[in-house]
Amino acid sequence: MNRRSFVSSAGLGLVGAAAATKFSSGRALGANERIVCGFIGVGGMGRANLRDFLKSKDVDVAAICDVWQPNVDRAIQMTQGKAAGYTDFREVIDRQDIDVVIIATPDHWHGYMTILACQAGKDIYVEKPLAHNIHEGRSMVAAARKHNRVVQVGTQQRSGRHYQEVVDFIQSGKLGKITRAATWNFQNESPHGMGNLPDCEPPSGLDYDMWLGPAPERPFNPNRFIFNFRYFWDYAGGYATDWGVHHIDTVQWAMNVRAPQKVSAHGGKYYIQDNRETPDTLEVIYEYPNFMLTYSNRILNANPLNGRSYGIAFYGTDATLVVDRQGYEVLPETHGTFETLRPFYERDLEAAKLGRSVYPWGSERDVWTGRTEKVQGNRSEQHLAHVLNFLECVKNRQRPASDVEIAHYSTTTTHLANIAFWTGRTIHWDPGKEQIKDDAEAANYLRREHRKPWVVA
Ligand SMILES: NC(=O)c1ccc[n+]([C@@H]2O[C@H](COP(=O)([O-])OP(=O)(O)OC[C@H]3O[C@@H](n4cnc5c(N)ncnc54)[C@H](O)[C@@H]3O)[C@@H](O)[C@H]2O)c1
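Residues numbered from 1 in each chain as written. Predicted model: local features only at pLDDT ≥ 70, side-chain atom pairs only at ≥ 80, totals over all residues. Heavy atoms only, no water.

**Side note on the packing of helix α7 (residues 161-171) against helix α10 (residues 244-254)**
The geometry of α7 relative to α10 is characterised by a closest axis approach of 9 Å and an angle of 40° between their N-to-C directions. Between α7 and α10, the crossing angle belongs to the class labelled oblique. The chirality of how α7 crosses α10 is right-handed. Contacts from Tyr163, Gln164, Val167, Ile170 and Gln171 of α7 reach α10 at Thr250, Trp253 and Ala254. Split into classes, the residues belonging to the contact of α7 with α10 amount to five nonpolar, three polar and no charged. (Axes fitted to C-alpha atoms, helices over the stretch in contact; angles between N-to-C directions. Helix = DSSP H or I, 4+ residues; strand = E, 2+ residues; numbered from the N terminus. Parallel < 35°, antiparallel > 145°, perpendicular 65-115°, else oblique. Left-handed = near helix turned anticlockwise from the far one by under 90°. Contact = heavy atoms within 4.5 Å. Nonpolar A, V, L, I, M, F, W, Y, C, P; charged D, E, K, R; others polar.)

**A word on the pattern of salt bridges**
Tallying each qualifying case throughout the model produces 29 salt bridges. Here Glu277 and Arg224 are joined by a salt bridge, their closest N and O atoms 3.3 Å apart. Of this pair, Glu277 sits in the loop between β8 (262-268) and β9 (281-287) while Arg224 is found in the loop between α8 (208-212) and α9 (238-242), placing the two residues 53 residues apart along the sequence. Overall, the relative accessible area of 33% leaves Glu277 in the partly exposed class. Through salt bridges with shared partners, a single network forms among Glu189, Lys269, Asp274 and Arg276. (Salt bridge = Lys/Arg side-chain N within 4 Å of Asp/Glu carboxyl O. Buried < 20%, exposed > 50% of the residue type's maximum accessible area, 1.4 Å probe, protein only.)

**Here we look at the nonpolar core**
It is characteristic of soluble globular proteins that their nonpolar side chains tend to be buried jointly. Counting residues in hydrophobic clusters, the biggest one holds 97 residues, and the most contacted among them are Phe89, Phe314 and Leu321. For this core, the domains that each give at least three residues are domain 1 (3-157 + 384-403) and domain 2 (159-379 + 410-437). The residues contacting Phe89, other than those within four sequence positions of it, are Ile40, Cys65, Trp109, Tyr112, Met113, Leu116, Met210 and Trp454. Judged by nonpolar contacts, the second largest core, of 23 residues, contains Val59, Ile76, Val100 and Val394. (Core = buried A, V, L, I, M, F, W, Y, C linked by side-chain atoms within 4.5 Å. Domains from an automatic or database assignment.)

**Things to note about the sheet that holds strand β2 (residues 59-65)**
Strand order in the open sheet formed by six strands is β3-β2-β1-β4-β5-β6, and the pairing between neighbours is parallel. Lying at the two open borders of the sheet, with one neighbouring strand each, are β3 (84-86) and β6 (151-153). Pairs of neighbouring strands in the sheet enclose a mean axial angle of 20°, with direction left out of account. Two elements, strand β1 (residues 35-40) and β2, share six bridges in a ladder whose sense is parallel. Residue Gly38 lies in a different strand from β2, and its bridge partner there is Ala63. Packed on one face of the sheet, helix α2 (residues 44-53) meets β1, β2, β4 (100-103) and β5 (123-126) and runs near 165° to β1. (Pairing = 2+ DSSP bridges.)

**Here we look at the site of the ligand**
Taken together, the neighbourhood of the ligand is formed by 31 residues, with Met45, Asp66, Asn71, Asp107 and Lys128 sitting nearest. In this structure, an oxygen atom belonging to the ligand sits 3.1 Å away from a side-chain N or O atom of Arg230. Protein contacts shield 95% of the accessible area of the ligand, which totals 840 Å² for the unbound molecule. Put simply, the ligand lies in the largest pocket. (Near = heavy atom within 4 Å. Polar contact = N/O pair within 3.5 Å; in protein donor to acceptor, adjacent residues only side chain to side chain. Areas by Shrake-Rupley, 256 points an atom, 1.4 Å probe, with all protein chains shown as cover. 1 Å grid on protein atoms, 1.4 Å probe; cavity = no way out; pocket = protein on both sides within 12 Å on 5 of 7 lines; lining within 4 Å. Sits in = over half its atoms within 2 Å of the grid points.)

**Quick look at α7**
Listing the buried residues of α7 in full gives His162, Tyr163, Val166, Val167, Phe169 and Ile170. What you see down the axis of α7 is that its buried residues fit within an arc of 160°, all on one side. Facing away from the buried surface of α7 by more than 90 degrees, the exposed residues are Arg161 and Asp168. Looking one or two places after α7, you find Gly173, whose phi comes out positive at around 90°. (Arc of directions from axis to C-beta.)

**With respect to the packing of aromatic side chains**
Following the criterion strictly, the structure yields 22 aromatic pairs and no others. A ring pair is formed by Trp233 and Trp422, whose centres lie 5.0 Å apart and whose planes are at 85°; its orientation type is edge-to-face. Of the two residues, Trp233 sits in the loop between α8 and α9 while Trp422 sits in helix α13 (residues 404-423), which places them 189 residues apart along the sequence. Joined through ring pairs, the aromatic side chains of Trp68, Tyr208, Trp211, Phe220, Phe225 and Tyr235 make up one cluster. When the ring centre of Phe227 is taken as origin, the NZ or CZ atom of Arg230, which lies over that ring, is 3.8 Å away. Positioned over the ring face of Tyr231 is Arg276, at 4.5 Å from the centre of the ring. (Phe/Tyr/Trp six-rings, centres within 6.5 Å; stacked < 30°, edge-to-face > 60°. Lys NZ or Arg CZ within 6 Å of the ring centre and 35° of its normal.)

**Observations concerning the side chain of Arg230**
One can find Arg230 in the loop between α8 and α9. A polar side-chain atom of Arg230 sits 2.9 Å from the main-chain carbonyl oxygen of Phe227. The contacts of Arg230, once residues within four sequence positions are left out, are Ala236, Gly237, Gly238, Asp242 and Thr278.

**Some thoughts on unusual backbone geometry**
Of note, the amide linkage connecting Ser190 to Pro191 takes the cis form, showing an omega dihedral of -15°. Mapped onto the elements, Pro191 comes out in the loop between β7 (178-186) and α8. Here the residue pair Lys452 and Pro453 is connected by a cis peptide bond, since its omega of 5° sits within 30 degrees of zero. Residue position: Pro453 is located in the segment after α14 (440-443). Positive phi values are uncommon outside glycine, yet Asn148 reaches one of about 55°.

**Quick notes on the environment of Ala319**
Mapped onto the secondary structure, Ala319 falls in strand β12 (residues 319-324). C-alpha separation for the pair Ala319 and Ile178, spaced 141 residues apart in sequence, amounts to 9.1 Å.

Now the structure itself:
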């Protein structure tokens, strides 16, 4: 199949294509090799990605694609007018000189575009959450493996130095046994949120049909468009997947697990006065074999937890660790620590000397009492490091920090929260088969209908 027929048939479904770029062979390439990039979707995050890719001396940005012309223009300006503009992403994927595509469209497009780019022999940096649903995520992993592509996903905490420290700290056992972790996002959008804008004609300069792509056809509504698409099920999964995936990715990484066994979710759209579909108040409970994790989201009250409006807390028997993008701190356990247990400890020592049995907390107990200082992090450091990690992997053909399969597991966990929310039932998950156990109705939510021709097989 030649390149032209590949593009023209791409719209009929995902098709195979001859691998074409200089990185397609799977050979590691020299450190000085230039990487030619095409950006697909250059709204808020697409331009943040572009900013950091442009900081690499190895990168040439050849193409900018968006279905909304003002965003194309803005991004081309960032390249000092060097990149060519496109509205059809297939033309970018079709360019043989482009090695890498960076996808930052709304979630409902990630699957189709990533798979097509894999088939065309591109390496890919695609935004989180990996996919709009679990089936698409698995298909993306399969395509990346089949075509030997480097696929990095935008869960950039994996490249953040202080997050890496946190994971080492937890895995070293210094917090003791962790049976509970909590994650959260709190803010106050009361009462009007994003408002209740009526449907209208799409703005000029927008190819609305290409914005919708695989999602169902419906009249244009400004609230479903830039940024706020997150709060509509056709395109995304609300806070549970949008922010949840960052947190859950870090927890699964630190706790060295891939998936929960059970998930339940509670909440609703109780009061926010806008036309979003996703809840304003949500509580998710994830049960893993040896610990429990919650995700809490409220958008009608911003009272923070541990001084943070968003973050993660790991609760160990010996200490608590709290982390967000600005840094982390370890809070010593103040009840039942070494100090308060000293009398028992000394008695245990005496008992042990006399050969008597000791109390359960025993003389071997080693409670972390030391560190309470805050370690500073830097959110932009995390993102740039993530971009550089990807570019390095494009050259050395190693798996990147947020490899597509890792991100598939983190994203899957967050989709299970929404499935539990929609069904109102506890979801029992079989991670090996990637199936929901004994609940045919819930299993329907593992995939969705795609509007033709944008079908992910
Ligand atoms: N890694 C992070 O921390 C982070 C932060 C914010 C957003 N994101 C992710 O980035 C993605 C985009 O979010 P955003 O906030 O930038 O949204 P946005 O609405 O600002 O940008 C999305 C852009 O994609 C364009 N688009 C839609 N369909 C397209 C198509 N077929 N071809 C080309 N362009 C198309 C839109 O016109 C828009 O300009 C989401 O998946 C989001 O979850 C990640």
